[in-house]
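Residue-level structure breakdown
One-letter residues, chain by chain:
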Amino acid sequence: MFRIPDKAKQFLIVAVKLLVVGGAFYFIYNQLANNDKLDWEKFAEKFRENWSLLGILFILSLSVLNRFFEILKWQNLVSYLRPISIKEATKQVLAALTASIFTPNGIGEYAGKALYFEKSETKRIIFLNLINNGIQMLLSTIFGIFGLLYFNANHEIIKPKIVAVIFGVFVILILASFIFKGFTIKGYSLEKFIHKINQVSKKIHRKNIFLGMCRYLFFSHQYYFLFVAFDVHLPYFILMSAIASVYFLASSLPTFQFLDFAVKGSVAVFFFGLLGVNEWIVIFISTLMWFLNVVLPVAIGSYYVLNFKPSRAA
């Protein structure tokens, strides 16, 4: 079998690292520099009027907590295989985020985390990451549906008959999943997947749900406080229902991490437009959320990518 020389392998690894980091920052720069919907003059004017050191530190702390709870979630799930430190979990989460920024729906995250483990553990790491992302998606769906129903009750965007049809389809899909859970496609079935999930201890699952809820609450309230900082004063539950609806609908759409703010921004413009919020404020807040919760972690994750040393068996 053809074997790649060690020096060539080292060069290839360095090239891939530079490609990942360079590509990540290129996409970030491209989105910020070429977005004609961002009115930097208005932003600078509003920032000069309302800025405070305490406010900036508060908003930044919410970003730190958002990512910190994601790190704790991953550390908790990996404990199913073996315990890892906060430092190691931080390295894996941030490096994987950097690798996922220009892959559809963050698929690169799965490969990024798997590279920190032996090849024999790849399937289990991918499975644990699926649980990790799955619970966050489930929480976004639950909060999003309730938020959408509350928002719709106050600002009708969906007719009651359509709501009833959607609810009916949702119930049918749940029932069908239980009826056909044993149905197998290429050796895989819902029943086998549920069985694998049940192999992970209930203690780990409970902690995962709790940490996921904490992350969701900090993340959504960061969005809320940014609106307050931009002088958007709407009733708390109306604003939070709009935020929950935006994240539920936007996360249901296939996208890339580097386009995340554009997708969420376009959905947000529709919802907050119904509440009378200026479009430029919505676009800027969506961009700030993306910058604080994706760009800054990617900048740190780039360090871990560049210092990554393969430890896997060839």
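Just so you know, these numbers come straight off a predicted model, no measurement behind them. (Residues numbered from 1 in each chain as written. Predicted model: local features only at pLDDT ≥ 70, side-chain atom pairs only at ≥ 80, totals over all residues. Heavy atoms only, no water.)

As a further point, take a positive patch on the surface. A surface patch of positive charge is lined by Lys202, Lys203, Arg206 and Lys207. Position of Lys202 among the secondary structure elements: in helix α9 (residues 202–229). Overall, Lys202 belongs to the exposed group, its relative accessible area being 64%. (Patch = residues over 30% accessible without salt bridge, like charges linked within 9 Å, V, L, I, M, F, W, Y side chains within 5 Å. Areas by Shrake-Rupley, 256 points an atom, 1.4 Å probe, with all protein chains shown as cover. Salt bridge = Lys/Arg side-chain N within 4 Å of Asp/Glu carboxyl O. Lys, Arg positive; Asp, Glu negative; His and termini not counted. Charge placed at Lys NZ, Arg CZ, Asp CG, Glu CD. Helix = DSSP H or I, 4+ residues; strand = E, 2+ residues; numbered from the N terminus. Buried < 20%, exposed > 50% of the residue type's maximum accessible area, 1.4 Å probe, protein only.)

Turning next to the packing of helix α3 (residues 53–78) against helix α6 (residues 122–154). Between α3 and α6, whose axes approach to 10 Å, the crossing angle comes to 135°. Here α6 runs oblique to α3, going by the angle between their axes. The handedness of the crossing between α3 and α6 comes out as right-handed. Side by side, α3 and α6 meet where Glu70, Lys73, Trp74, Leu77 and Val78 of the first sit next to Ile125, Leu128, Asn129, Ile131, Asn132, Ile135 and Gln136 of the second. (Axes fitted to C-alpha atoms, helices over the stretch in contact; angles between N-to-C directions. Parallel < 35°, antiparallel > 145°, perpendicular 65-115°, else oblique. Left-handed = near helix turned anticlockwise from the far one by under 90°. Contact = heavy atoms within 4.5 Å.)

Here the focus is the nonpolar core. Generally speaking, soluble globular proteins have nonpolar side chains that are buried together. Of all hydrophobic cores here, the largest spans 32 residues; its most connected members are Tyr223, Phe227, Ile243, Phe272, Val277 and Ile285. When contributions to this core are tallied by element, the ones reaching two or more residues are α6, α9, α10 (236–251), α11 (260–274) and α12 (279–306). Examining the composition of this core, we find that 9 residues originate from one element, α10, more than from any other. By size, the runner-up hydrophobic cluster in this structure holds 19 residues, among which are Val78, Ile84, Tyr116 and Leu128. (Core = buried A, V, L, I, M, F, W, Y, C linked by side-chain atoms within 4.5 Å.)

So, about a nonpolar patch on the surface. A contiguous nonpolar patch, built from Trp51, Leu53, Ile56, Leu57, Leu60, Phe291 and Leu296 and spanning about 610 Å² of accessible area, is present on the exposed surface. For the nonpolar patch, the elements supplying multiple residues, two or more each, are α3 and α12. Of all the elements, α3 adds the most residues to the nonpolar patch, at 4 residues. Within the element layout of this structure, Ile56 appears in helix α3.

Put simply, α3 and helix α4 (residues 86–100) touch, their axes get as near as 9 Å, and they point 110° apart. Taken together, the axes of α3 and α4 lie roughly perpendicular to each other. In this structure, α3 meets α4 at a crossing whose hand is right-handed. In this structure, α3 uses Arg67, Phe68, Glu70, Ile71, Leu72, Trp74 and Gln75 to contact α4, whose residues at the interface are Ile86, Ala89, Thr90, Gln92, Val93, Leu94 and Leu97. Taken together, the residues of the contact of α3 with α4 break down into 9 nonpolar, 3 polar and 2 charged. (Nonpolar A, V, L, I, M, F, W, Y, C, P; charged D, E, K, R; others polar.)

What follows is about the confidence of the model for the protein. In the predicted model, the protein carries a mean pLDDT of 79, and 71% of its residues have values of at least 70. Looking across the protein, the model is least confident in helix α1 (residues 6–33), with a mean pLDDT of 55, and most confident in α9, with 94. (pLDDT = per-residue confidence, 0-100.)

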